[in-house]
Amino acid sequence: MDRRRLLLAAAASAVAAACGSTGAPGSPSRSASPSRATVDSKATVELAKGGSFSFTLRPDKAPQTVARFAQKARSGFYQGLTFHRVENWVVQGGDPTGTGSGGNQVASEYNDLPFVAGAVGIARANNPALMNDSQFFIVKIDSHHLDGMYANFGLLTSGMEVVRGIKIGDKIKTIKIE
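Predicted, not measured: the structure shown is a model, and the values here were computed from it. (Residues numbered from 1 in each chain as written. Predicted model: local features only at pLDDT ≥ 70, side-chain atom pairs only at ≥ 80, totals over all residues. Heavy atoms only, no water.)

Caption draft 1: Structural context of the overall build of the protein. Scanning the protein for helices and strands turns up three helices and nine strands. Listing every helix and strand of the protein by position from the N terminus yields α-β-β-α-β-β-β-β-β-β-α-β. When the 178 residues of the protein are sorted by exposure, 47% land in the buried category. Sequence-distant contacts, at least 24 apart, represent 71% of the contacts inside the protein between residues at least 6 apart. A total of about 8400 Å² of accessible surface is found on the protein, and carbon and sulfur atoms cover 54% of it. (Helix = DSSP H or I, 4+ residues; strand = E, 2+ residues; numbered from the N terminus. Buried < 20%, exposed > 50% of the residue type's maximum accessible area, 1.4 Å probe, protein only. Contact = heavy atoms within 4.5 Å. Areas by Shrake-Rupley, 256 points an atom, 1.4 Å probe, with all protein chains shown as cover.)

Quick look at the structure:
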């Protein structure tokens, strides 16, 4: 299964490179320049039950993903949403339905950042050319099987103990962008 996903991602990347990426849905992009005049560099997630964690944002590696995440956070989109997936290696939240199937699909934005413990990524569909516009996850352990397969847009700088304590249904109180 992992080999098949890797081959699909490689094929999609080759097609996108050969055709030129426009950033339109269905064509993954590999962009390196932020589109915002003000560069967002940090996010702090506060949980409703108490506790918080922070992570650096990487607009140099995932500018559209960071801009979309920051815009949603500033608008209050994530307030009250839950973490719907909690496993020994990952926590995932940001789904407006709370089921893991909500959110819109946008063009994937791959980069070379490794999924080490504390890496923050964006969920995606089975089609590697599309990713979710709101669901994010934090890996609790090195998860290199995700490298190049998901948009990596940040790295935890504090609060791993809070991330490890997240339970299914825990709610996001706020996400502050700096």
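Picking up after the structure, the text goes on.
Caption draft 2: The side chain of D95, seen in detail. For D95, the location among the structural elements is in the loop between strand 4 (90–93) and strand 5 (105–107). Although D95 is buried, it forms no salt bridge, and the closest oppositely charged side chain is K72 at an N-O distance of 10 Å. In terms of polar contacts, D95 uses its side chain to reach the backbone amide nitrogen of T99, at 3.1 Å. What D95 contacts, discounting residues up to four positions off in sequence, is L81, H84, G100, S101, G102, G103 and Q135. (Lys, Arg positive; Asp, Glu negative; His and termini not counted. Salt bridge = Lys/Arg side-chain N within 4 Å of Asp/Glu carboxyl O. Polar contact = N/O pair within 3.5 Å; in protein donor to acceptor, adjacent residues only side chain to side chain.)

Caption draft 3: Representation of the pairing of strand 6 (residues 119–124) within the structure. With six of its six residues buried, strand 6 lies for the most part within the structure. As judged from the four bridges shared by strand 6 and strand 8 (residues 151–158), these two strands associate in the antiparallel manner. Directly across from G121, in strand 8, lies its bridge partner N152. Note: strand 6 against strand 7 (residues 130–139), four bridges, orientation antiparallel. (Pairing = 2+ DSSP bridges.)

Caption draft 4: Quick peek at the packing of aromatic side chains. The final tally for this structure, using the stated rule, is ten aromatic pairs. Each ring, one from F115 and one from F137, has its centre 5.7 Å from the other, and the planes form 20 degrees; the classification is stacked. Taken together, the positions of F115 in the loop between strand 5 and strand 6 and F137 in strand 7 put the pair 22 residues apart, joining distant regions of the chain. An aromatic cluster is built from F55, F69, F77, Y78, F83, F136 and F153, whose rings are joined through pairwise contacts. The residue whose ring lies beneath R124 is Y150, and the NZ or CZ to ring-centre distance is 4.8 Å. (Phe/Tyr/Trp six-rings, centres within 6.5 Å; stacked < 30°, edge-to-face > 60°. Lys NZ or Arg CZ within 6 Å of the ring centre and 35° of its normal.)

Caption draft 5: Looking closely at the environment of S41. Summarising the element assignment, S41 is placed in the loop between helix 1 (2–19) and strand 1 (42–47). For S41, a relative accessible area of 42% puts it in the partly exposed group. Sequence separation between S41 and T56 is 15 residues, and the spatial gap between their C-alpha atoms is 5.6 Å. Residues within four places of S41 in sequence aside, it is in contact with F55, T56, L57 and E178.

Caption draft 6: Geometry of helix 2 (residues 63–75). Relative to the 18 Å expected for 13 residues at 1.5 Å per residue, helix 2 spans 18 Å between its end C-alpha atoms, a close match to the ideal helical length. The complete set of buried residues in helix 2 reads P63, T65, V66, F69, A70, K72 and A73. In this structure, the buried side of helix 2 is in contact with strand 1, strand 2 (52–57), strand 6, strand 7, strand 8 and strand 9 (172–177). Taken from the residues just after helix 2, G76 is the one with a positive phi, measuring 90 degrees. (Expected span 1.5 Å × (residues − 1).)

Caption draft 7: Fine view of the nonpolar core. In this structure, F53, F55, F69, F136, F153 and I175 are the most contacted members of the largest nonpolar core, which totals 31 residues. Of all the secondary structure elements, the ones that give two or more residues to this core are strand 1, strand 2, helix 2, strand 6, strand 7, strand 8, helix 3 (160–164) and strand 9. Membership of the second largest hydrophobic core comes to nine residues, among which are V90, F137, V139 and Y150. (Core = buried A, V, L, I, M, F, W, Y, C linked by side-chain atoms within 4.5 Å.)

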